[in-house]
Amino acid sequence: MSRIRGRFESLARDKRKALIPYITAGDPHPSLTVPLMRALVEAGADILELGVPFSDPMADGPVIQRAGERALKHGIGLVDVLRLATEFRKSDGATPIVLMGYANPIEAMGVEKFIAAARQAGIDGVIVVDYPPEECGEFAALAKRAGIDPVFLLAPTSTDQRIEQVARVGSGYLYYVSLRGVSGAAHLDFSEVTSRIPRIRAATRLPIGVGFGIRDAESARRVAQAADAVVIGSRLIQEIEAAGAEQAVARVKAFLKPIRQALDA
């Protein structure tokens, strides 16, 4: 059983919802990525999404774009992200790690080489924003054979056909992007989220995570009433950005703890 599936099954038994924070590897400094990952777990994270910096992040808003730029200035690429994941695995063999990024770095490395390297690094899932599910059956199959869950995105505009396709090729969980636009772009419409989730559930037994627009304990709590997991990215990056390198680890832990408490209340 994959670590992701095992984690969701354990949470379901306890009637708890998954908390999935996102950080960009290498931001604000490469030496802080593993300490930040550990701090997030200590604060109650169930699964970690680790962003791979990329020079043209089309789905990311200004906050995550700036995080990627800071990481790229430190020379962080896909190989470095896998190295950081390997370092984290030395002290944590239980928390699932999902890489989130774009196709170009993977294609540059070579898909088969990437899958092998990701497995070696202890990666449990991968979200490739610009891999359309209709065209990446081979990639998904390779990932699954290596024990890595290919996680796909759904949007408010996703058709029934797209939902069914994602349900067929995806595994681990489905990631519902709750906003129209880039990450951090607008306020969350809770009524739309609660109306869309049942439609997705009709097509899959996979857990459903909701991200984009979750900014605090209250918004996380409300989303968790409909979803199996809440994903927090841009708001967490803002905390890192405001804190600076010296205070980043303490700041993210202090930010995430009340959200974990709200989900468990």
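In this text the structure is predicted, and so the values were computed from the model without any measurement.

What counts as what
- Residues numbered from 1 in each chain as written.
- Predicted model: local features only at pLDDT ≥ 70, side-chain atom pairs only at ≥ 80, totals over all residues.
- Heavy atoms only, no water.
- Buried < 20%, exposed > 50% of the residue type's maximum accessible area, 1.4 Å probe, protein only.
- Helix = DSSP H or I, 4+ residues; strand = E, 2+ residues; numbered from the N terminus.
- Contact = heavy atoms within 4.5 Å.
- 1 Å grid on protein atoms, 1.4 Å probe; cavity = no way out; pocket = protein on both sides within 12 Å on 5 of 7 lines; lining within 4 Å.
- Points joined across faces, edges and corners; volume = space filled by probe spheres on them.
- Nonpolar A, V, L, I, M, F, W, Y, C, P; charged D, E, K, R; others polar.
- Pairing = 2+ DSSP bridges.
- Right-handed = clockwise from strand over helix to strand, strands pointing away.
- Salt bridge = Lys/Arg side-chain N within 4 Å of Asp/Glu carboxyl O.
- Core = buried A, V, L, I, M, F, W, Y, C linked by side-chain atoms within 4.5 Å.

This part is about helix α2 (residues 33–42). If you check which residues of α2 are buried, you get Thr33, Val34, Leu36, Met37, Ala39 and Leu40. Against the buried residues of α2 lie β1 (18–24), β2 (48–51), α4 (78–89), β3 (97–101) and α11 (234–264). The first or second residue beyond α2 is Gly44, which carries a positive phi of 120 degrees.

Let us look at the layout of surface pockets. In this structure, the largest pocket spans a volume of roughly 400 Å³. With five residues, the single largest contributor to the lining of the largest pocket is helix α1 (residues 3–13). Considered class by class, the residues forming the lining of the largest pocket number seven nonpolar, three polar and eight charged. Of the pockets and cavities examined, the second largest pocket occupies roughly 330 Å³.

Burial along strand β4 (residues 125–128) is two-sided: Gly125 and Ile127 and Val126 and Val128, pointing in opposite directions, are all buried. Here four bridges tie β3 to β4, and the two strands are oriented parallel to one another. The partner of Met100 across the bridge, within β4, is Ile127. In this sheet, strand β5 (residues 149–150) lies alongside β4 in parallel orientation, the contact comprising two bridges. By the bridge assignment, Val126 is partnered in β5 with Pro150. For the segment spanning β4, helix α7 (residues 137–145) and β5, crossover handedness is right-handed.

This structure, assessed with the given rule, holds 18 salt bridges. Where Arg83 meets Asp80, a salt bridge forms, and the shortest distance between an N and an O atom there is 3.8 Å. In this pair, Arg83 and Asp80 are both assigned in helix α4, three residues apart and thus about one turn of the helix distant.

Turning to the nonpolar core, a few remarks are in order. Counting 95 residues, the largest nonpolar core has Leu99, Phe114, Ile115 and Phe139 as the members making the most contacts within it. The residues contacting Leu99, other than those within four sequence positions of it, are Leu50, Leu78, Val81, Leu82, Phe114, Ile123, Gly125, Val126 and Ile127.

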